[in-house]
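Descriptive analysis of the structure
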Amino acid sequence: MTEQSSTPKEISLTGAVEGLKNLFKFFLSKWVIICIIGFSGAGLGLLYGWLEKPRYEAVLTFSTDDDKGTATGIMGIAAQFGINLGGVGGVFSGDNILSLISSQKIMKEALFSTTNVKGKEENLLSIYYESSGMKKSFRKDTVLQKVSFPLHQDPATYSRVQDSVLQLILKDISKKVLVADRPDKRVLLYNITVISPSETFSKEFTEELITRVTDFYIASSTQRSFQTVQVLQERADSIKRAYDAALMGRAELSDANLNPAFQSPLVGIQKKQTDITVLATAYGELLKNLELSKFNLLRETPLIQVIDEPMLPLKVIKTGRLLGMIYGGLLAGFLCLCYLSFVYMLRNEKLHAEQHISD
């Protein structure tokens, strides 16, 4: 039983080895074709490495302040006075910041910023539009070839064609240029990586992104707290002015009542004294609430610490002539072997079919 069951396995193994030998012999018979295609691929790889434009990589690492302990302490103090400062979190909680960085709003604001290039002011949008080759690709289009983004033009006045090209640029940057990630989920460290054909664009765009994200958070997430502080400050100033006026009024009434025999003027003085007491109490409560609101505003103000920022010269990403030649030769040789294997299989199937018909 054992010998009979092992015989088909030995036969199939022997057939597989024999088939590989025959395939290898077939490859050897086609060595000229394989060499020609391999060297051709190496030449194309060399040409690609020669003509490939370098790309520049800018990496910025930053951290966010997840200060929940301090926030809880401040909320506990506020609770003692019957004030609810809300919960902790928001647009910067978790990985929301990554989506914020790659949002169209933030990217557009960064693209509209300007920088100095060889003594000339240019916006980052125009720099990328030209360096990426997108402008050159529109040369055959009579409408798109005239599109430009002047430095002093308000983005709100962009034409429909300009907006269309801008959308293409944003899509291109989102897919090929910008990467925002959090390498280690256990640590609140984030990376912004920008790889583009322009060294100036890579560096400036990366720095503008983190600046715009910070500005956006301060302008949006702290708006309610800032308005609360403003309202309390205005009310405190108003009560302070009323308190000072009441003090002055009591003093004037006291000066006017030179004869203590007349008691009617004392009524006005007592009323002023009552106003002073009420205003002083209200002013003290407002000051207390104002300070707590300032603490809340301080808690919600983000603390973004830039740890590593891009520095010139940036890292150059380029295949190179040697690597291009090696990769091109290996790829061409591999594809050639795959094609020859397919031809060999078809030939064997044809031979087996002919033998079967003849039998």
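Residues numbered from 1 in each chain as written. Predicted model: local features only at pLDDT ≥ 70, side-chain atom pairs only at ≥ 80, totals over all residues. Heavy atoms only, no water.

With that settled, the discussion passes to the overall build of the protein chain. Counting its secondary structure elements, the protein chain contains 12 helices and 7 strands. Out of the 359 residues in the protein chain, the part that is buried amounts to 30%. A fraction of 75% describes how many contacts in the protein chain between residues 6 or more apart in sequence connect residues 24 or more apart. (Helix = DSSP H or I, 4+ residues; strand = E, 2+ residues; numbered from the N terminus. Buried < 20%, exposed > 50% of the residue type's maximum accessible area, 1.4 Å probe, protein only. Contact = heavy atoms within 4.5 Å.)

Moving on: the packing of helix α5 (residues 104–111) against helix α8 (residues 160–177). Their axes nearest at 11 Å, the elements α5 and α8 cross at an angle of 105°. The orientation of α5 relative to α8 falls into the category roughly perpendicular. In contact with Gln 104, Met 107, Lys 108 and Leu 111 of α5, α8 contributes Leu 166, Gln 167, Ile 169, Leu 170, Ile 173 and Ser 174. Along the lines of polarity and charge, the residues of the contact of α5 with α8 split into 6 nonpolar, 3 polar and 1 charged. (Axes fitted to C-alpha atoms, helices over the stretch in contact; angles between N-to-C directions. Parallel < 35°, antiparallel > 145°, perpendicular 65-115°, else oblique. Nonpolar A, V, L, I, M, F, W, Y, C, P; charged D, E, K, R; others polar.)

Within the element layout of this structure, Asp 172 appears in helix α8. For Asp 172, a relative accessible area of 16% translates into the label buried.

In this fold, Tyr 190 is placed in strand β5 (residues 189–196). Separated by 93 residues in sequence, Tyr 190 and Ile 97 place their C-alpha atoms 8.9 Å apart.

Moving on: the nonpolar core. Grouped burial of nonpolar side chains is what soluble globular proteins tend to show. Leu 111, Ile 169, Ile 173, Phe 201, Phe 205 and Leu 209 are the most contacted members of the largest nonpolar core, which totals 36 residues. When contributions to this core are tallied by element, the ones reaching two or more residues are β1 (55–64), α4 (96–101), α5, α6 (124–131), α8, β5 and α9 (199–221). At 6 residues, α8 tops the list of elements feeding residues into this core. Residues contacting Ile 173, with those up to four places away along its chain left out, are Met 107, Leu 111, Tyr 128, Leu 178, Phe 201 and Phe 205. Ranked by size, the runner-up nonpolar core spans 10 residues in total, among them Leu 232, Ala 246, Leu 279 and Leu 297. (Core = buried A, V, L, I, M, F, W, Y, C linked by side-chain atoms within 4.5 Å.)

Residues Leu 46, Leu 322, Leu 323, Met 325, Ile 326, Tyr 327 and Leu 330 make up a contiguous nonpolar surface patch of about 670 Å² in total accessible area. It is helix α12 (residues 321–358) that provides the largest number of residues to the nonpolar patch, a total of 6 residues. As for its placement among the helices and strands, Met 325 is situated in helix α12. Judged by relative accessible area, which is 34%, Met 325 ranks as partly exposed. (Patch = residues over 30% accessible without salt bridge, like charges linked within 9 Å, V, L, I, M, F, W, Y side chains within 5 Å. Areas by Shrake-Rupley, 256 points an atom, 1.4 Å probe, with all protein chains shown as cover. Salt bridge = Lys/Arg side-chain N within 4 Å of Asp/Glu carboxyl O.)

The step from Leu 312 to Pro 313 runs through a cis peptide bond, and the omega angle for that step is -5°. Positionally, Pro 313 belongs in the loop between β6 (304–308) and β7 (315–317). Of note, Lys 118 is a non-glycine position whose phi angle comes to about 55°, a positive value. Its location among the elements puts Lys 118 in the loop between β2 (114–117) and β3 (120–123).

Taking 1.5 Å of rise per residue, the 18 residues of α8 would be expected to cover 26 Å, and the 24 Å separating its terminal C-alpha atoms lies within 8% of that figure. Inspection of α8 places Gln 162, Val 165, Leu 166, Ile 169, Leu 170, Asp 172, Ile 173 and Val 177 among the buried residues, and these make up the whole buried set. The buried residues of α8 occupy an angular sector of 165° when projected down its axis, which confines them to one face. Pointing more than 90 degrees away from the buried face of α8 are the exposed residues Arg 160 and Lys 175. (Expected span 1.5 Å × (residues − 1). Arc of directions from axis to C-beta.)

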